[in-house]
Amino acid sequence: MTDHTDSAHGRLPHDTREYLADRLDGARDLYLLALALGARGDGATLFGRMIREARIHFAAVIEECRIAGLDTSAIAVMLGKMSRELVDNIRPETWEHLEKLMAQRAGRHAG
């Protein structure tokens, strides 16, 4: 796949590149989080629609960035990986925050 990064740097303002990169990171995180939730027990059944929609959103953002001229070849490879491989790629700070939210929720229901 051709690297379009240089042409994107010439055409896109820095703020636009940053915005698209942030969207790409956010779509990636959303997809990984949906996969992680679905990987637990019956999660694939419970979270199947959310996983599908997160994947569609991720693919759309990748395409939007590609059309804008950003090199998306490395991140697009993620869509072809197995769910188990991807769950290990969730950022540690995302896991920490999710665990805190779950603990808070469990505390409210226990008391």
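Small disclaimer: the values here were computed from a predicted structure and weren't measured. (Residues numbered from 1 in each chain as written. Predicted model: local features only at pLDDT ≥ 70, side-chain atom pairs only at ≥ 80, totals over all residues. Heavy atoms only, no water.)

1. Details of the overall build of the chain
Inclusion rule: For the purposes of this entry, the term helix denotes a DSSP run of H or I that reaches at least four residues, the term strand denotes a run of E that reaches at least two, and both are numbered from the N terminus. Three labels apply to residues, based on accessible area from a 1.4 Å probe with only protein chains included: buried if under 20% of the type maximum, exposed if over 50%, partly exposed otherwise in between.
Secondary structure summary: the chain contains seven helices and zero strands in total. Along the chain, helices (α) and strands (β) appear in the sequence α-α-α-α-α-α-α when read from the amino end. Burial analysis of the chain (111 residues in total) assigns 30% to the buried set.

2. Overview of the packing of helix H2 (residues 14-38) against helix H4 (residues 48-67)
Our working definition: An axis is simply a line fitted to the C-alpha atoms; with a helix, the fit covers only the stretch in contact. Between two such axes, the angle follows the N-to-C directions and lies from 0 to 180 degrees. For classification purposes, angles smaller than 35 degrees are called roughly parallel, those larger than 145 roughly antiparallel, those between 65 and 115 roughly perpendicular, and all remaining angles oblique. A crossing counts as left-handed when the near helix is turned anticlockwise from the far one by less than a right angle, and as right-handed when that turn is clockwise. The criterion used for residue contact is that any of the two residues' heavy atoms lie within 4.5 Å.
Where H2 meets H4, the closest approach of the two axes is 9 Å, and the angle between their N-to-C directions is 160°. Accordingly, the angle class assigned to the pair H2 and H4 is roughly antiparallel. Seen along the crossing, H2 lies across H4 with a hand that is left-handed. Along its contact with H2, which presents Leu20, Arg23, Leu24, Ala27, Arg28, Leu30, Tyr31, Ala34, Leu35, Leu37 and Gly38, the element H4 presents Met50, Ile51, Ala54, Arg55, His57, Phe58, Val61, Ile62, Glu64 and Cys65.

3. Thoughts on the pattern of salt bridges
Here is the rule we go by: Basic side-chain nitrogens of Lys or Arg form a salt bridge, by our definition, when they fall within 4 Å of a carboxyl oxygen of Asp or Glu.
For the structure on display, the rule yields four salt bridges. Across the pair Arg52 and Glu53 runs a salt bridge, and its minimum N-O distance is 3.6 Å. Notably, a salt bridge pairs Glu63 with Arg66, separated by 2.5 Å at the nearest N-O pair. Highlighted residues: Glu63 and Arg66, both in helix H4, separated by three residues, approximately one helical turn. Looking at Glu63, the relative accessible area reads 34%, which means it is partly exposed.

4. Some remarks on H4
Cut-off, in case you're wondering: By definition here, a helix of n residues has an expected span of 1.5 Å times n minus one. For this quantity, the arc is that covered by the directions from the helix axis to the C-beta atoms.
In this model H4 runs 29 Å from its N-terminal to its C-terminal C-alpha over 20 residues, within 8% of the 28 Å that 1.5 Å per residue would give. The set of residues buried in H4 consists of Ile51, Ala54, Phe58, Val61, Ile62 and Cys65. End-on view of H4: buried residues confined to an arc of 100°, all on one side of the axis. Those residues of H4 that are exposed and aimed more than 90 degrees away from the buried face are Arg49 and Ile67. Lining the buried residues of H4 we find H2 and helix H5 (73-76). Gly69 sits one or two residues past H4 and shows a positive phi near 105°.

5. A closer look at the environment of Ile75
Along the chain, the position of Ile75 falls in helix H5. A relative accessible area of 15% places Ile75 in the buried class. For Ile75 and Arg28, which are 47 residues apart along the polypeptide, the C-alpha to C-alpha distance reads 8.3 Å. Sequence-distant contacts of Ile75, defined by excluding residues within four places in its chain, comprise Leu24, Arg28, Phe58 and Ile62.

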